[in-house]
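# Residue-level structure breakdown
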Amino acid sequence: MAHLFNRNVLLGVSGGIAAYKSAELVRQLQGRGASVRVIMTLGAREFITPLTLQALSGHPVHTQLLDTDAEQGMGHIELARWADLLLVAPATADLIARLSAGRADDLLTTAALATTAPLMLAPAMNQQMWQDPATIANITQLSARGAHIVGPAVGQQACGDVGPGRMEEPPVIADAAASLFESGLLAGKRVIITAGPTREALDPVRYISNHSSGKMGYALAQAAVDAGAITTLVSGPVNLAPPKHVQCLPVQSATEMLEKCLALLPECDIFIACAAVADYRPATIEQQKIKKGPEQVILQLARNPDIVAAVAASENSPFTVGFAAETNDVLSYARDKMQGKGLDMIVANDVSDLSIGFNSDHNEATVLWRDGEQVLARSGKSAIARQIVELIGAINKVGKCV
Ligand code: PMT
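Note that the structure is a prediction, hence the values are computed from the model and not measured.

## Focus: helix α6 (residues 107-114)
Among all positions in α6, only Leu107, Leu108, Thr109, Thr110 and Ala111 are buried. Packing partners of the buried residues in α6 comprise β1 (8-13), β2 (35-40), α4 (76-82), β3 (85-91) and α5 (93-101).

Given below as structure tokens:
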């Protein structure tokens, strides 16, 4: 079944007899993994009560454009931003005409103008209204602007007519909605990704760190979400906003990152260690700022725990993927790391090339696993991340390495 994991569906219900089917549609969308919020037009409330859709969606139903309570919570702009898809079902002839004209005279049409999410319409009306040149022109215009139209179905209508105009059945509409999004390769899988650098404190104002920007790890989080995974980022300090639908847990040091990862492990199917974790930390952290003194000071360092190795060695370990950041003999060091740390897969990248790797928008890599390898040609980190996720999906299905 097509899925809607990690997708927010804003369901618009307009005033037609098919509005009663919206209740089942909420269930069908949720069954495919979507979060659903509902906007009802004035007309829709003549056919079905907001309470029904509130009970099913688990959220208050939105009805008014000018509603001070809603504006303080989730007003029309927040709803428009929240949505990954605006689905209008049923879409009456009047609603279709107003959308086509770009009107903003109620909450639903205003949200449609204010959102960048795709628009999907499930028309429902009398067969003659559907075949009227005005409706045909409106649908043609909306399609040309990128709206997706599902149905209508042909058959017996509530008014007694027979012909095209019945709203499609809820499972068909929910499948059409799901088909707009990506493959669902990791649908429902729980993925943890470490990203960014760690900071190892020397004193209250100084630390040891590295140049990791978090771009590669955050791109992986986006790719995992797009593939339907329930995704958590355990992130060192970076200047990036976490992707939508990703739970982000900020950490500073390697020890903190290890603690967070181990706590999350019971709920993890796939672990991807992209963070540039400091191998060593200052042996002691001074409580006060270290004063300038002699010409030379010797810093004592203590080895940090190896996070990805600990994950791979844990009981019921997830499918564990590491990265190898190397400057020479990239593949042979990467292979050693995969074996030494007990990993199922490793992504080897050459960080001596400043145009890829640390802090760059691009990367190129070779992915190694027990009985295969694949070169990922130079491209943006998003494209590299998508390919890594595809490989994880494919190899993980075949079976874990032992
Ligand atoms: O963040 P960006 O600017 O986008 O840069 C991306 C990147 C270069 C940081 C990324 O592509 C990358 O290579 N990440 C791994 C960096 C690294 O620490 O590599 P390593 O070869 O030192 O470590 C091997 C593996 O062990 C890594 O998966 C690392 O996360 C893990 N590790 C290392 C040390 C440690 N104490 N614990 C670990 O889990």
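Still more to cover.
## Some points on the packing of aromatic side chains
Under the defined criterion, the tally for this structure stands at 0 aromatic pairs. The side chain of Arg37 reaches across the aromatic face of Trp82, ending 5.4 Å from its centre.

## Focus: the sheet that holds strand β12 (residues 246-250)
Pairing is mixed in the open sheet, where 8 strands are placed in the order β12-β11-β8-β13-β16-β17-β18-β19. Of all the strands in the sheet, just β12 and β19 (372-380) have a single pairing partner and so form its edges. Between one strand axis and the next, the sheet turns through 15° on average, direction left out of account. Two strands pair when backbone bridges link them, and strand β8 (residues 190-195) and strand β13 (residues 270-273) are joined in this way by 4 bridges, in the parallel orientation. When the sheet's bridge partners are listed, Val191 is paired in β13 with Ile270.

## As for the pattern of salt bridges
Summed over the entire model, instances satisfying the criterion amount to 18 salt bridges. Residues Arg98 and Asp94 are paired through a salt bridge, measuring 3.1 Å at the closest nitrogen-oxygen approach. Here Arg98 and its partner Asp94 are both found in helix α5, 4 residues apart, which amounts to about one turn of the helix. Two residues, Arg98 and Asp106, come together in a salt bridge whose shortest N-O distance is 3.1 Å. For Arg98, a relative accessible area of 15% gives the class buried.

## Here's the deal with the packing of helix α1 (residues 21-31) against helix α9 (residues 170-179)
With their axes 9 Å apart at the nearest point, α1 and α9 run at an angle of 45° to one another. In this view, α1 runs oblique relative to α9, as classed from their interaxial angle. As for the relative orientation of α1 and α9, their crossing is right-handed in sense. Counted together, Lys21, Glu24, Leu25, Gln28 and Leu29 of α1 and Pro170, Pro171, Ile173, Ala174 and Ala177 of α9 form the full contact between these two elements. Class assignment for the residues of the contact of α1 with α9 results in 7 nonpolar, 1 polar and 2 charged.

## So, the nonpolar core
Core analysis: the largest hydrophobic core is formed by 35 residues, its most contacted members being Leu220, Ile272, Met345 and Ile388. Every element with two or more residues in this core is listed here: β8, α10 (215-226), β13, β16 (319-326), β17 (345-350), β18 (362-369) and α14 (381-398). For this core, the element with the highest residue contribution is α10, accounting for 8 residues. Setting aside chain neighbours within four positions, we find Ile388 in contact with Met216, Leu220, Phe323, Val347, Val367 and Leu376.

## So, the domain arrangement of the protein
Domain annotation for the protein reports domain 1 (8-178) and domain 2 (190-397). For domain 1 versus domain 2, the separation of C-alpha centres amounts to 43 Å.

## Focus: the sheet that holds strand β4 (residues 119-123)
Across a sheet, paired strands are connected by hydrogen bonds in the backbone, their directions being either parallel or antiparallel. Spatially, β2-β1-β3-β4-β5 is the arrangement adopted by the 5 strands of the open sheet, whose pairing is parallel. A single partner strand is all that each edge strand has here, and the edge strands are β2 and β5 (148-149). This element, helix α2 (residues 50-57), spans β1 and β2 of the sheet and lies at about 170° to β2. Across the sheet, α5 lies against β3 and β4, angled at about 150° from β4, the strand it touches most.

## Regarding the site of the ligand
Close to the ligand lie 28 residues; Ser212, Ser213, Lys337, Asn349 and Asn359 are nearest. Residue Ser213 places a side-chain N or O atom 2.6 Å away from an oxygen atom belonging to the ligand. One of the backbone N or O atoms of Asn359 is found 2.6 Å from an oxygen atom in the ligand. Protein contacts shield 96% of the accessible area of the ligand, which totals 770 Å² for the unbound molecule.

## Here's the deal with the pairing of strand β11 (residues 230-235)
Most of β11 sits out of view: 5 of its 6 residues are buried. In this structure, β8 lies alongside β11, joined through 6 bridges in parallel fashion. Within β11, the position partnered with Thr194 by the bridge is Val234. Looking at chain direction, β11 and β12 are connected through 5 bridges and run parallel. By the bridge assignment, Leu233 is partnered in β12 with Cys248.

## A few points about the environment of Asp175
Mapped onto the secondary structure, Asp175 falls in helix α9. Residue classification places Asp175 among the partly exposed residues on the basis of a relative accessible area of 33%. Separated by 173 residues in the primary sequence, Asp175 and Ala2 place their C-alpha atoms 6.1 Å from one another.

## Let's talk about the environment of Asn126
Mapping Asn126 onto the fold places it in the loop between β4 and α7 (127-131). In this structure, Asn126 is in contact with Gln157, Cys159, Asp161 and Pro164, ignoring residues within four places of it in sequence. A polar contact of 2.9 Å, which involves the side chain of Asn126, links it to the side chain of Asp161.

Conventions adopted
Residues numbered from 1 in each chain as written. Predicted model: local features only at pLDDT ≥ 70, side-chain atom pairs only at ≥ 80, totals over all residues. Heavy atoms only, no water. Buried < 20%, exposed > 50% of the residue type's maximum accessible area, 1.4 Å probe, protein only. Helix = DSSP H or I, 4+ residues; strand = E, 2+ residues; numbered from the N terminus. Contact = heavy atoms within 4.5 Å. Phe/Tyr/Trp six-rings, centres within 6.5 Å; stacked < 30°, edge-to-face > 60°. Lys NZ or Arg CZ within 6 Å of the ring centre and 35° of its normal. Pairing = 2+ DSSP bridges. Axes fitted to C-alpha atoms, helices over the stretch in contact; angles between N-to-C directions. Salt bridge = Lys/Arg side-chain N within 4 Å of Asp/Glu carboxyl O. Parallel < 35°, antiparallel > 145°, perpendicular 65-115°, else oblique. Left-handed = near helix turned anticlockwise from the far one by under 90°. Nonpolar A, V, L, I, M, F, W, Y, C, P; charged D, E, K, R; others polar. Core = buried A, V, L, I, M, F, W, Y, C linked by side-chain atoms within 4.5 Å. Domains from an automatic or database assignment. Near = heavy atom within 4 Å. Polar contact = N/O pair within 3.5 Å; in protein donor to acceptor, adjacent residues only side chain to side chain. Areas by Shrake-Rupley, 256 points an atom, 1.4 Å probe, with all protein chains shown as cover.

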